[in-house]
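Remarks on the overall topology
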2 protein chains.
Amino acid sequence: MGVTRRPHVVILGGGFGGLTVAKALAKAAVQITLIDRRNHHLFQPLLYQVATAALNPGDIAYPIRAVVKNQKNVRVLLAEARAIDTSAHKVVLDDGELTFDYLVIATGATHSYFGNDAWGPNAPGLKSIEDALEIRRRVFLAYEAAERESITAKQQPWLTFVVVGAGATGVELAGALGEIGLHTLARDFRRIDPTQVKVLLIEGRDRVLGAYPPKLSAAAQRSLEKRHVEVRLNAKVTAVDADGVELTIGDRKERVAARTVLWAAGVEGSPVARTLGVPLDGAGRVKVEADLSIPGHREVFVVGDLAACACDGKPVPGVCQGAIQGGASVAASIKADLAARPRLPFRYKDKGSMATIGRTSAVVHIGRAQHHGFIAWLFWWVLHIFYVIGFRNRLAVILSWAWSWITFQRGARLITGPVGALPPVRDIGADGVPVMPRAAETVTVDREH
Amino acid sequence: MGVTRRPHVVILGGGFGGLTVAKALAKAAVQITLIDRRNHHLFQPLLYQVATAALNPGDIAYPIRAVVKNQKNVRVLLAEARAIDTSAHKVVLDDGELTFDYLVIATGATHSYFGNDAWGPNAPGLKSIEDALEIRRRVFLAYEAAERESITAKQQPWLTFVVVGAGATGVELAGALGEIGLHTLARDFRRIDPTQVKVLLIEGRDRVLGAYPPKLSAAAQRSLEKRHVEVRLNAKVTAVDADGVELTIGDRKERVAARTVLWAAGVEGSPVARTLGVPLDGAGRVKVEADLSIPGHREVFVVGDLAACACDGKPVPGVCQGAIQGGASVAASIKADLAARPRLPFRYKDKGSMATIGRTSAVVHIGRAQHHGFIAWLFWWVLHIFYVIGFRNRLAVILSWAWSWITFQRGARLITGPVGALPPVRDIGADGVPVMPRAAETVTVDREH
């Protein structure tokens, strides 16, 4: 079938995958509609720093419109794709629909509770700015709640932070939570003993950062333990409620009382993939062809976290580089079509992976090179600055990090949103425990006018 | 009555008034409990810049705990005061209560709809970070909604922004909204004609910035008009709903269709004042004695926006300086009591007032000096940087402003929270209006595998 106009390329998702496709087609004879349910591109690798108050939301988000404002063949639409009708070449949106000649699905992944969605309200995950602000609210409110309690036993559940899943996000979150307890808040409270702060990192496998070489996993674990993070390996979470989690370690069950549980365990493909009518893998990702198109539809591509693809027999990891390189490959295929050249299969070049564990520690794995410690951390720092979109944001991130690094403080430590239920305030001395040290001085207060 | 221990000073509110009292009592033989329902001090004069995406929330907020962390005689409590029992010397909190020897009420003001609280959901005001984010969400979503419409008449209500009240906040908001339409978003949309953006500033009195000399009011109005803000004087808002506002100008009624209405018209004392059992003025503020204490209770003070007080017969305005100087006076009175010296009455020194209207324009009124334009704007800039708390925040504000000033962009342009109902998406050409310019080229898309 021939269409006598510029083909309409619809891209779902303004993450690294979608933006790469749009930008690589800047000079192609196509019309592009870039759709995202958010108005901003989000630099997800630094999202945990918003959750732990090191960065402001605006520092790692950038308006999608501003990214492509000078690219005349793109229009941006704030909308959510609900379903895809591949045979009719239509995307069904929250309100309306769009026809396409080419479709690129780059809607990424969401967190998965492995069938236990009821755990969600008590164990928020970290995928959006809203998620990060919710985690930030819970973490810092927990300290406020602990300050209201005067008995250590009652403070303990507030001062216990459980992170489920020791992949990069879990390790980074746990490391940051450890440092908040050790450094950031040490002098801010009057009733909290910083040594009582407990961060637990729960992992089902036998080591942290399972995707890294064992040597780096061990280094990461040592770094975490230096930050007072307790790592629990071979442990499964078998229940989550408002009061804590239940762990199953072998045959043994253990209950951990914690008011703050964070979920960094599983990811699951964005739900729109289920409407495609093509095979998905166990994590809900689309099993794509060698050119990242879906079976039976050369004009529909999937890139980034939502694509289950392999290169040289190895699965392509769900990281920025996978999305960026996938996006470039899809744009090249579309251009090949326009020029009536054959498409090339997607080739993934592993540029390495890295995770940071705190102020001066990171692990870096590039090809055969394995680094950990301060040099790895510097490398992580430079590379992340480079990938943050926008000159202003880059400066803001540098400034915030430099300041945090020097002062041990976190600049975005505000609690927004509802406060919720905190322990009751007891009057000075009412529960027998003095709230503040009392001086022996005698002062007369004249209460009469 | 004599109390043989350090007197307990309870301060409600961590704004400029409350913090000034706490810090001025650092070396006094008192125990201080500083209570706020937020964990952060907020620099309210720059809140409109968060609402208009020039600054991040974290840039103008600072954790109250961090401000007083080295001051050993202060504890900070996240709590909300519900009522005050002056005869029992008790503050009733959201959950619990506290007794005091001295009480300083510095809970400020909230916005008032003059008895029309039903207008609130359709005309948010600007007092907290949450308010600012809500306004930011509405303003930038309105542009997204307009981009979904292809007919100018249907875009118009989305591109009309009404600001009610032309005091400093209203003038600053309207100026920023005008610039967003003219500069920030000019190239970001494909279907929006920037000349269609309409900002209306509604004022009941006969000039903007009624508290300033008429010459500066006129200069401010000219500056606003340059930014395409339409100023409506002597106009009363007599109805607000989801579709717009009804204005009454003299005998004439007029309906303005607008999806975004912002409220900057009235303030009202914080509700806790009503539980004091002392006379309030028409705006719900406490009529205080010369030393800022309340009638009949020398040990209970009110400072800042919640205090209705006069100095040399002139009312003290609800600005930062009023709160700071009031706080210093109250701390001095408490110290005078401790030293058995007589209290001095509160003397307010007017250090001037200023408002900014956009990129290079401000009005400044100091004593007999009246300035407007660029020099006034520079002065505004330097002074506001000075009053932002925290070195990091100061740097962040300088960086954001410098960047915005050079690029005409706004760095914090992210929409968070629910998207709500937007106009339906029409397919390309479906409504007879082309969505994008069409090229005449002929391209054949092969849809078969």
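Residues numbered from 1 in each chain as written. Chains lettered and ligands numbered in written order. Predicted model: local features only at pLDDT ≥ 70, side-chain atom pairs only at ≥ 80, totals over all residues. Heavy atoms only, no water.

**Looking at the overall build of chain A**
A count of helical and extended segments in chain A gives ten helices and 27 strands. Compactness check: chain A gives a C-alpha radius of gyration of 25 Å against a globular reference of 22 Å for 449 residues, within 12% of the reference. Looking at chain A as a whole, 59% of its 449 residues qualify as buried. Partitioning the contacts of chain A with sequence separation of at least 6, the portion at a separation of at least 24 is 64%. Of the accessible surface of chain A, which amounts to about 17500 Å², a share of 55% is contributed by carbon and sulfur atoms. (Helix = DSSP H or I, 4+ residues; strand = E, 2+ residues; numbered from the N terminus. Rg over C-alpha atoms; globule rule 2.2 N^0.38 Å. Buried < 20%, exposed > 50% of the residue type's maximum accessible area, 1.4 Å probe, protein only. Contact = heavy atoms within 4.5 Å. Areas by Shrake-Rupley, 256 points an atom, 1.4 Å probe, with all protein chains shown as cover.)

**What about unusual backbone geometry?**
All names here are of chain A. The phi torsion at Ala 53 lies on the positive side, around 70 degrees, for a residue other than glycine. Relative to the elements of secondary structure, Ala 53 occurs in the loop between helix 2 (47-51) and strand 4 (61-63). What makes Ala 53 buried here is its relative accessible area of 0%. In this structure, Ala 340 is a non-glycine residue whose phi angle is positive, near 55 degrees. Note that Ala 340 resides in the loop between helix 8 (320-338) and strand 25 (353-356).

**Quick notes on the pairing of strand 17 (residues 260-263) of chain A**
Residue and element names in this part refer to chain A. Burial along strand 17 is two-sided: Thr 260 and Leu 262 facing one way and Val 261 and Trp 263 facing the other are all buried. Where strand 11 (residues 160-164) lies against strand 17, four bridges are found, and the strand directions are parallel. Across the sheet, Val 163 pairs through a bridge with Leu 262, a residue of strand 17. (Pairing = 2+ DSSP bridges.)

**A closer look at the environment of Val 229 of chain A**
All names here are of chain A. On the secondary structure map, Val 229 appears in strand 13 (residues 229-232). For the pair Val 229 and Ile 129, spaced 100 residues apart in the sequence, the C-alpha separation amounts to 25 Å. Contacts of Val 229, omitting those with residues within four sequence positions, involve Ala 174, Gly 175, Gly 178, Val 199, Leu 201 and Leu 224.

**As for the packing of helix 10 (residues 391-407) of chain A against helix 10 (residues 391-407) of chain B**
Here helix 10 of chain A crosses helix 10 of chain B at 170 degrees, and the two axes come no closer than 10 Å. As summarised for this structure, helix 10 of chain A and helix 10 of chain B are arranged roughly antiparallel, according to the angle between their axes. From helix 10 of chain A, Phe 391, Arg 392, Leu 395, Ala 396, Leu 399, Ser 400 and Trp 403 of chain A reach across to helix 10 of chain B, where they touch Phe 391, Arg 392, Leu 395, Ala 396, Leu 399, Ser 400 and Trp 403 of chain B. By residue class, the composition of the contact of helix 10 of chain A with helix 10 of chain B is ten nonpolar, two polar and two charged. (Axes fitted to C-alpha atoms, helices over the stretch in contact; angles between N-to-C directions. Parallel < 35°, antiparallel > 145°, perpendicular 65-115°, else oblique. Nonpolar A, V, L, I, M, F, W, Y, C, P; charged D, E, K, R; others polar.)

**Examining the sheet that holds strand 9 (residues 102-105) of chain B**
Residues and elements named next belong to chain B. Spatially, six strands are ordered 5-2-1-9-21-20 in an open sheet, and the strand pairing comes out mixed. The open sheet terminates on both sides in strands that have one partner only, identified here as strand 5 (74-78) and strand 20 (293-294). Relative to strand 21 (residues 297-302), strand 9 runs parallel, the two sharing three bridges. Note on strand 21: the bridge partner recorded for Val 104 is Phe 301.

**Observations regarding the packing of aromatic side chains**
All names here are of chain A. Applying the stated criterion to the full structure yields 22 aromatic pairs over all chains. Seen from their ring centres, Tyr 113 and Trp 263 are 5.0 Å apart, and the 40 degrees between their planes marks the pair as tilted. In this pair, Tyr 113 is assigned in the loop between strand 10 (109-112) and helix 4 (129-148) and Trp 263 in strand 17, connecting sequence segments 150 residues apart. Overall, the relative accessible area of 8% leaves Tyr 113 in the buried class. Their ring planes at 25 degrees and their centres at 5.7 Å tell us that Phe 374 and Trp 377 sit as a pair that is stacked. Within this pair, Phe 374 and its partner Trp 377 are both found in helix 9 (residues 374-387), separated by three residues, close to a single helical turn. Aromatic rings pair up to connect Phe 16, Phe 43, Phe 386 and Tyr 387 into one cluster. In this structure, Arg 259 is placed above the aromatic ring of Trp 158, and the distance from its NZ or CZ to the ring centre is 4.2 Å. (Phe/Tyr/Trp six-rings, centres within 6.5 Å; stacked < 30°, edge-to-face > 60°. Lys NZ or Arg CZ within 6 Å of the ring centre and 35° of its normal.)

**Some words on the nonpolar core**
Core analysis: the biggest nonpolar cluster contains 71 residues, and Ile 60, Tyr 143 and Leu 201 of chain A have the highest contact counts within it. Among the elements that make up this core, the one with the highest residue count is helix 4 of chain A (eleven residues). Among residues more than four places away in sequence, those in contact with Ile 60 of chain A are His 41, Leu 42, Phe 43, Leu 46, Leu 47, Val 50, Leu 55, Ile 129 and Asn 393 of chain A. Counting 70 residues, the second-largest nonpolar core is a separate cluster that includes Ala 61, Ala 146, Ala 264 and Ile 415 of chain B. (Core = buried A, V, L, I, M, F, W, Y, C linked by side-chain atoms within 4.5 Å.)

**Some thoughts on the pattern of salt bridges**
All names here are of chain A. Scanning the model with the defined rule gives 41 salt bridges over all chains in all. Across the salt bridge formed by Glu 134 and Arg 137, the nearest N and O atoms sit 3.0 Å from each other. Here the residue Glu 134 and the residue Arg 137 both occupy positions in helix 4, the gap between them amounting to three residues, near one helical turn. Note on Glu 134: relative accessible area 23%, which makes it partly exposed. Asp 241 is the salt-bridge partner of Arg 255, the closest N and O atoms lying 2.9 Å from each other. A residue pair is termed long-range when its members are at least 10 positions apart, and Arg 255 in strand 16 (residues 252-257) and Asp 241 in strand 14 (residues 235-241) qualify at 14 residues. Residue Arg 255 is classed as partly exposed on the basis of its relative accessible area, which comes to 46%. One connected set of salt bridges, linked through shared partners, spans Glu 230, Arg 232, Arg 252 and Glu 254. (Salt bridge = Lys/Arg side-chain N within 4 Å of Asp/Glu carboxyl O.)

**Remarks on a nonpolar patch on the surface**
Residue and element names in this part refer to chain A. Residues Phe 374, Ile 375, Leu 378, Trp 405 and Ile 406 make up a contiguous nonpolar surface patch of about 520 Å² in total accessible area. Mapped onto the elements, Trp 405 comes out in helix 10. A residue is classified by how much of its surface remains accessible, and Trp 405, at 34% relative accessible area, is partly exposed. (Patch = residues over 30% accessible without salt bridge, like charges linked within 9 Å, V, L, I, M, F, W, Y side chains within 5 Å.)

**Section: the confidence of the model for chain A**
All names here are of chain A. When pLDDT is averaged along chain A, the result is 89, and 94% of the positions lie at 70 or above. Counting interchain partners and residues more than four positions distant, the pLDDT-below-50 stretch residues 428-449 has 55 contacts. What the predictor reports for the complex is a pTM of 0.89 with an ipTM of 0.86. (pLDDT = per-residue confidence, 0-100.)

**Considering the sheet that holds strand 2 (residues 31-36) of chain A**
An order of 5-2-1-9-21-20 (chain A) is seen for the six strands of this open sheet, with the pairing classed as mixed. Strand pairing shows two members of the sheet lacking a second neighbour, strand 5 (74-78) and strand 20 (293-294) of chain A, which therefore form its edges.

**Some details on helix 9 (residues 374-387) of chain B**
Quick reminder: α-helices carry 3.6 residues per turn. Residues three or four places apart thus point the same way. All names here are of chain B. The end-to-end C-alpha separation of helix 9 is 20 Å, in line with the 20 Å expected for 14 residues at 1.5 Å each. What helix 9 keeps buried is the set Ala 376, Trp 377, Trp 380, His 384 and Ile 385. Taken around the axis of helix 9, the buried residues stretch over an arc of 165 degrees, which confines them to a single face. Those residues of helix 9 that are exposed and angled more than 90 degrees off the buried face are Ile 375, Val 382 and Phe 386. (Expected span 1.5 Å × (residues − 1). Arc of directions from axis to C-beta.)

**Brief notes about helix 1 (residues 16-24) of chain B**
The element helix 1 of chain B is largely enclosed, with a buried count of seven among its nine residues. All of the buried residues in helix 1 of chain B are Phe 16, Gly 17, Gly 18, Leu 19, Thr 20, Val 21 and Ala 22 of chain B.

**Regarding the pairing of strand 2 of chain A**
The side chains of a regular strand alternate, first on one face of the sheet and then on the other. All names here are of chain A. For strand 2, a buried count of six out of six residues is recorded, marking the element as mostly surrounded by other parts of the structure. Burial along strand 2 is two-sided: Gln 31, Thr 33 and Ile 35 and Ile 32, Leu 34 and Asp 36, pointing in opposite directions, are all buried. Judged from the five bridges that link them, strand 1 (residues 8-12) and strand 2 form a sheet pairing that is parallel. Within strand 2, the position partnered with Ile 11 by the bridge is Leu 34.

**Details of the state of the cysteines**
The final tally for this structure, using the stated rule, is zero disulfides over all chains. Of all cysteine sulfurs, the one in Cys 309 of chain A lies closest to Cys 311 of chain A, which takes part in no disulfide; the gap is 7.9 Å. Residue Cys 320 of chain B stays outside any disulfide, its sulfur separated by 15 Å from that of Cys 309 of chain B, the closest cysteine. (Disulfide = S-S within 2.5 Å.)

**A closer look at the side chain of Thr 260 of chain A**
All names here are of chain A. Position of Thr 260 among the secondary structure elements: in strand 17. By relative accessible area, which is 2% here, Thr 260 ends up buried. Apart from residues no more than four positions distant in its own chain, Thr 260 is found in contact with Arg 138, Val 139, Ala 142, Thr 160, Phe 161 and Val 162.

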